[in-house]
Every structure is written in structure tokens, then in C-alpha cells.
Amino acid sequence: MSLITLSESECKDCYRCVRDCSVKAIKINNGQAEVVKEKCINCGHCIEICPQNAKGVTNHLEKLKRLLKEEKVIASIAPSFPAVFDCSPGQLITALKNLGFHDVEETSIGAEVIAREYKKLLELENKPLISACCPAVVSLVEKHYPDLIPYLSPTISPMIAHAKLIKEISKDIKVVFIGPCIAKIKEIDWESSKGAVDLAITFDELKGLFSLEGIDYQSLDEDQFRSVSGNWSKAFPVENGVLKAADISFGLSTEILSISGLAECMKTFEDILNDDISPKFIEAMVCSGGCINGPGITSELSINSRKERIIRYAQKEDTIDNKFDMDKFKIDTSREYLNCKIEEKIPTENQIRLILSQTGKFSDKDELDCGGCGYNSCREKAIAIYQGLAELKMCIPYMKGKMESLADIIVESSPNAIIVVGKDMTIQKFNPKADELFNRNDEIAIGHKLYRYIDPKDYLDAWFNKKSISQKKVEYKQYNLICEQSVFPLIDYELVIGIITDVTERENHNERVAKMKETTLEKANQVIHKQMKVAQEIAGLLGESTSETKAILYEVRQLMQEEER
Ligand code: SF4
Ligand code: SF4
Ligand code: SF4
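None of these values were measured; they are calculated from a predicted model.

**Some thoughts on the overall build of the protein chain**
Counting its regular elements, the protein chain contains 19 helices and 16 strands. Relative to the compact-globule value of 24 Å for 565 residues, the protein chain shows a C-alpha radius of gyration of 40 Å, a clear excess of over 25%. For the protein chain, the proportion of its 565 residues judged to be buried stands at 48%. A separation of at least 24 residues holds for 67% of the contacts in the protein chain among residues at least 6 apart in sequence. For the protein chain, the accessible area works out to roughly 29,500 Å², and carbon and sulfur atoms hold 50% of it. Considering the protein chain, the positive charge centre built from 73 side chains and the negative charge centre built from 88 side chains are found 2 Å apart.

Listed below in C-alpha cells is the structure:
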């Protein structure tokens, strides 16, 4: 299962994550941006950039609460914490203990162990050595640059080293890593890490838990770490931090590199593969600026200000003398790597051309390479379609053209006349029904002024008064037509649209019916008049009142008049 989750109702298929995922580990499936776990390196970038907050990480807080309730748990807190929490380290320790942690240690203890290994390896190896602290870098190599596997440092990460040390010292203890990293949540399940860390959560998750439990860490008393690391291993999460901790001298040398950010990592790896550069040691971190910019940190602080906090903390003299004794405990720091690159189907030129043609691209000039689909070129996207990662309808210009032609079909086949004019009343659109009703000369109406065909009064009214006219009855005597027309302006486009329905037949029919009624009424009046006269005469002879008969006859007449109205 992928670590990165997607809320389907939130994903609005904007393709931003497709565009921004440098390893193209996002597949669009029925308009939903799914993560392809075989390609994903869990850098977390797509979570950060999604404008809809559609992507996230599986939440681990329930598991943490259970662990804290049932087990003795030590928190291994990543060295970037001073850049995240506005409180002293001592207050953070108290807050963690209030949550139920038995004790708290800095992951930088593990960093110190690994830094020593790097130093040793650098002296021994005669080939480039790529640091393996960042699990996203490890995944990048294993999944996308397997030819570089021999250059990856054959060492576990500081997180795993620290957890192994904790478990070496104290039995029956659980370790929870808290840090800025999403990739580390995955790392704890790797074969080389198995059993070391029991749970990994992010700083953001921890902050959420503090507020859920009502723990105001800034107001707490200070406690102490169980043991601390050497000073410079605390600088691991910033650029050059690994080099400093491992006491590897750097500067203008091209042999020692510090790279951060996925794009820079990929470029450097390609340079190594192409023999363009030949560094001895590469400190590599997928997050730009290092772990202080990890996806598990939400902070208003700039990278430099986060960095300054870390360096200041690393330079501070420890007030406690419980420094971890590195030489007292031994752990196995070795690990192996796997080639996890998936074989991707490569289409032939003909297959690419066929896919391109399905989105109206028949020659080079049709390939706009606009990037709207999230791919850099139409060909790249065609290959992605072939590989099942993309869909035809992701091509924005193609879909726009299709929508326009669909709109055109609707306008062209409308049973109503549709006339669109510019604000100067020049005709822009004149559909076949408009031709049938108003264009008796069979000329091309587009480009002519509207008054050439119909009275532009309503169009002018709609444009200048910015109003819509709805179903107004208009008689076009020159065409023997009675119409109902709706006219409305499109201000942003400087257009006025008129939809005109020919209601001549209906109106003529109504007129005929009205005439018939009028004649009937007249006839009825005559009958009433005659009947009343007769009734009066009979009533006179019989001596009865004629009022009842009169009332009935008046009622009949009134009913007919009402209907007439
Ligand atoms: S960035 Fe990706 S997940 Fe977010 S809305 Fe756009 S396509 Fe969907
Ligand atoms: S986590 Fe990183 S690699 Fe994975 S899909 Fe998102 S952006 Fe791509
Ligand atoms: S740079 Fe640090 S936070 Fe970012 S992915 Fe690597 S280990 Fe995680």
C-alpha cells in the first residue's frame, strides 16, 4: 500500500502533482492522481504542493496512543526539532513525558555513530560514496538509478542506528521516531531496518497530538534527555551537517559535495553516471535545504532561520554530563540494497505516433509541448499513456478544441437562431437557423453589422446597460416573423449573445383562436339579447320574475369574456 493517501473527492485533476513529481510516480486514473508506490520515493512533495489538500499520509496517532498505553516507549527525536518547537529542549522533553513517553533521546546519537562510519569508509573506498541517511535518496537510487547502488554507503540510517542502540541498552523497550520526514515512516519497514523502530511519526503529527491532549509545551518545566550526542551530529539535518559531523573537510573541493533537493540529486546522479563529475563523497538529501525543510514540518520560518536555530543549538555547551558513550555499545551498522527499478514498457515510434494522433497531433507542429498535462512534452505524455500512467483527456489544448467543437455542434444544430455580435454590433456568429430566418440573400453574415439583418435595439440595450433581456416578444415585419428573443451581454468577452425563437406559428394560431372567441361572444350576445326578450315576454304573460334567467345568461356572457381576456 502506498504511504501517500489520496482523498478522491478532493482531487480536482489539476495535474500539478504530476508536473512536480520529478520521478513521475503519479498516475492519473479516471481523473484521480494516484501514487505509484513502485516509483514513489516518499519525498512528500506532492502533499505539500497539492492546492486542494487532496494528498496526505496515513495517520499513526491511534497506534502511538496504544503503544504509549501498553508499552515502555522511548522517543527518538530528530535533530531538526529546534527549528520546529518554540520552546526549550527541556520543555519538549517534559511535554513528551506528559504524553506517556518513558524517556527521550536525540536521534543525533545515531547520527554520530553513522558519521564515524562515513569517515572510515571515505578513507577506505576508492569510488564515490553517497550518504544513505535520507531514505528518499536511498529509494531514488534503488528505484530510479540502480547503477549507483554500489556507491551508496552500505550503512543504516542514523534513525535505525539510534533505535538499535536503544534496544541494545534496554530490553523490552519500544522506540518511536519523531521527525520531519515522511520517507522514514516507510524506512522502518525495510528489510534492513526491521525491528529497530516500532513507529515513526512526523513533527506535525506530534504537534497535533499536543493540542489534542491540551499540552501547552511552552508553559512546562524543563526535563533532561536520557543521554546526548556529540555537538556536531546535531547539525545533521542541515546542508553540510553530515560532513561536519563526520569531520570531512569541505569547501571549494569538487571531491566533497553537499546536495539537496530532488532535482539537484537527480542531476548529480546523472552527472556521475555520465562520468561528468567524480566526487569522493556526496552528502545527499532529497529535501531542499536538508531535513529542516522536511514535509513533516509546517513552519513559517525561512530555511536560513531554521538553519540558524539548529547551528546555535549544536554549538551550545551541554549542561548535563550524560553524553552517550559511543565506544561502550556495538551495533551492526551494515546494510544491503536492492535493485527495485521497474521495467517500463517502451513504445515504438509508430505506437507513439498513434497515441499522438488520438489527440489531434499528426505532425511536429501539432506537438505544442505546453506542459498542461504535467509532462514536459507531448511525446513524454504519449509514452506515459502507453505505460498506463496518463490519459488522453489530460491534453488541455485537445480537450479545449473538443469542447469548442462540441459547443459549435450545439450552436449549429440549435432550432433557435443564435446571433453573436461584438460590442460594435459586428456579427461574430450567425447560425444556420439565423440564416434561415433573417438572411434572405444567402450571404455570409459574419463580419456585417447586425442592423443589416435585424433591429439591433435589444442588443445595444443589453450591451450599454449591462442587462439581460429575457423572452421578449418582437415582431420582424420585413420577414413576417414574430419572435421571442433573449439577449445578454458577455462583458469579459465584449460580446452580446441573442437567442431568437420563431413563434410566428404559435402567435398566428393564438390570434385565430382569439378571433373565433370574439365571434362566438358576439353571437352569444345576440342570442342572450334575443332570449332575454323572449323570456321577458313569457314572464310578462305568466307574471313570473325574469331575474333568474337573466342572471344565468349574464353569467354565461361573463365567463366567455373572461376567457377572451
Ligand atoms: S495536485 Fe494532484 S492530487 Fe492535488 S488536486 Fe491536483 S491532481 Fe489532484
Ligand atoms: S511522494 Fe514524492 S515521489 Fe512520491 S508521488 Fe509524491 S512527489 Fe512523487
Ligand atoms: S531530506 Fe530529510 S526529511 Fe527530507 S526526505 Fe530526506 S531524510 Fe526525509
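**Let's talk about helix H11 (residues 262–273)**
Residues lying three or four places apart along an α-helix face the same way, a consequence of the helix completing one turn every 3.6 residues. Over its twelve residues, H11 extends 16 Å from the first C-alpha to the last, a length consistent with the 16 Å expected when each residue adds 1.5 Å. Every buried residue of H11 is accounted for by Leu 262, Cys 265, Met 266, Thr 268, Phe 269, Asp 271 and Ile 272. The secondary structure elements touched by the buried residues of H11 are strand E7 (129–130), helix H6 (135–144), strand E10 (256–260) and strand E11 (281–285). Asp 275 lies just past H11 and shows a positive phi near 60°.

**Observations concerning the pairing of strand E16 (residues 495–502)**
The sheet contact formed by strand E12 (residues 417–422) and E16 spans six bridges and is antiparallel. Considered in E16, the bridge of Ile 418 is made with Ile 499. With antiparallel pairing between neighbouring strands as the criterion, strand E15 (residues 481–490) and E16 make up a hairpin whose turn holds four residues, including Glu 494 at a positive phi of roughly 55°.

**Focus: the packing of helix H13 (residues 349–357) against helix H14 (residues 378–386)**
Their axes nearest at 9 Å, the elements H13 and H14 cross at an angle of 100°. By the criterion of interaxial angle, the relationship of H13 to H14 is roughly perpendicular. Here Glu 349, Gln 351, Ile 352, Arg 353, Ile 355 and Leu 356 of H13 come into contact with H14, specifically with Cys 378, Arg 379, Ala 382, Ile 383, Ile 385 and Tyr 386.

**A short note on the UniProt feature "domain: 4Fe-4S" (unreviewed entry) in the protein chain**
What UniProt calls "domain: 4Fe-4S" (unreviewed entry) maps, in this numbering, to residues 351–412. As annotated, residues 351–412 comprises 53% helix and 0% strand, and the C-alpha atoms at either end are separated by 35 Å.

**A few points about the sheet that holds strand E9 (residues 199–202)**
Taken in spatial order, the four strands line up as E6-E5-E8-E9 in an open sheet, and their pairing is parallel. Two strands bound the open sheet, and with one partner strand each, they are strand E6 (103–106) and E9. On average, each strand axis in the sheet is tilted by 25° relative to the strand beside it, whichever way the strands run. Bridge count between strand E5 (residues 73–77) and E6: four bridges; the pairing is parallel.

**Quick look at the site of ligand 2**
Near ligand 2, the surroundings consist of Ile 4, Cys 21, Val 23, Ala 25, Ile 26, Cys 40, Ile 41, Asn 42, Cys 43, Gly 44, His 45 and Cys 46. Residue composition of the shell around ligand 2, grouped by class: nine nonpolar, three polar and no charged.

**Section: the pattern of salt bridges**
Counted by the stated rule, this structure contains 31 salt bridges. Between Lys 97 and Asp 103 there is a salt bridge, and its shortest N-O distance comes to 3.5 Å. For Arg 506, the salt bridge goes to Glu 484, with nearest N and O atoms at 2.8 Å. In this pair, Arg 506 is assigned in helix H18 (residues 504–542) and Glu 484 in strand E15, connecting sequence segments 22 residues apart. Among the ionic contacts, a cluster of salt bridges with common partners joins Glu 349, Arg 353, Glu 367 and Arg 379.

**A look at the packing of aromatic side chains**
Within this structure, the stated rule accounts for eleven aromatic pairs. Here a set of aromatic residues connected by ring pairs shows up, and it is made of Phe 85, Phe 203, Phe 210 and Tyr 217. We note Lys 234 situated over the ring of Tyr 313; from NZ or CZ to the ring centre the distance is 5.1 Å. Of note, Lys 244 hangs over the ring of Trp 232, and the distance from its end group to the ring centre comes to 4.8 Å.

**Topic: the sheet that holds strand E13 (residues 427–430)**
Taking strand neighbours across the sheet as the criterion, the five strands line up as E13-E12-E16-E15-E14 in an open arrangement whose pairing is antiparallel. Edge positions in the sheet fall to E13 and strand E14 (469–476), since each has one partner strand and no second. Between one strand and the next, the sheet's axes are offset by a mean angle of 25°, whatever the strand orientation. Against the sheet, helix H17 (residues 457–464) touches E12, E14, E15 and E16, its axis set at about 20° to E15.

**Some thoughts on the nonpolar core**
With 129 residues, the main nonpolar core has Phe 85, Leu 96, Phe 101, Phe 210 and Phe 269 as its most contacted residues. With seven residues, helix H5 (residues 108–124) is the single largest residue contributor to this core. Counting residues in each nonpolar core, the second largest holds 25 residues, with Ala 417, Leu 437, Ala 445 and Ile 469 among its members.

**Digging into the UniProt feature "domain: PAS" (unreviewed entry) in the protein chain**
UniProt marks residues 403–458 with the feature "domain: PAS" (unreviewed entry), using the numbering shown here. Taken end to end, residues 403–458 is 34% helix and 18% strand, and its two terminal C-alpha atoms sit 29 Å from one another.

**Quick notes on the side chain of Arg 335**
Tracing the chain through its elements places Arg 335 in the loop between helix H12 (303–315) and H13. Contacts of Arg 335, omitting those with residues within four sequence positions, involve Val 138, Glu 142, Pro 154, Thr 155, Ile 156, Trp 190 and Ser 192.

**Considering a nonpolar patch on the surface**
A contiguous nonpolar surface patch, about 420 Å² in accessible area, is contributed by Met 403, Leu 406, Ile 409 and Ile 410. With respect to the helices and strands, Ile 410 occurs in helix H15 (residues 396–412).

What counts and what doesn't
- Residues numbered from 1 in each chain as written.
- Chains lettered and ligands numbered in written order.
- Predicted model: local features only at pLDDT ≥ 70, side-chain atom pairs only at ≥ 80, totals over all residues.
- Heavy atoms only, no water.
- Helix = DSSP H or I, 4+ residues; strand = E, 2+ residues; numbered from the N terminus.
- Rg over C-alpha atoms; globule rule 2.2 N^0.38 Å.
- Buried < 20%, exposed > 50% of the residue type's maximum accessible area, 1.4 Å probe, protein only.
- Contact = heavy atoms within 4.5 Å.
- Areas by Shrake-Rupley, 256 points an atom, 1.4 Å probe, with all protein chains shown as cover.
- Lys, Arg positive; Asp, Glu negative; His and termini not counted.
- Charge placed at Lys NZ, Arg CZ, Asp CG, Glu CD.
- Expected span 1.5 Å × (residues − 1).
- Pairing = 2+ DSSP bridges.
- Axes fitted to C-alpha atoms, helices over the stretch in contact; angles between N-to-C directions.
- Parallel < 35°, antiparallel > 145°, perpendicular 65-115°, else oblique.
- UniProt positions renumbered as here; feature names shortened; annotations may be inferred.
- Near = heavy atom within 4 Å.
- Nonpolar A, V, L, I, M, F, W, Y, C, P; charged D, E, K, R; others polar.
- Salt bridge = Lys/Arg side-chain N within 4 Å of Asp/Glu carboxyl O.
- Phe/Tyr/Trp six-rings, centres within 6.5 Å; stacked < 30°, edge-to-face > 60°.
- Lys NZ or Arg CZ within 6 Å of the ring centre and 35° of its normal.
- Core = buried A, V, L, I, M, F, W, Y, C linked by side-chain atoms within 4.5 Å.
- Patch = residues over 30% accessible without salt bridge, like charges linked within 9 Å, V, L, I, M, F, W, Y side chains within 5 Å.

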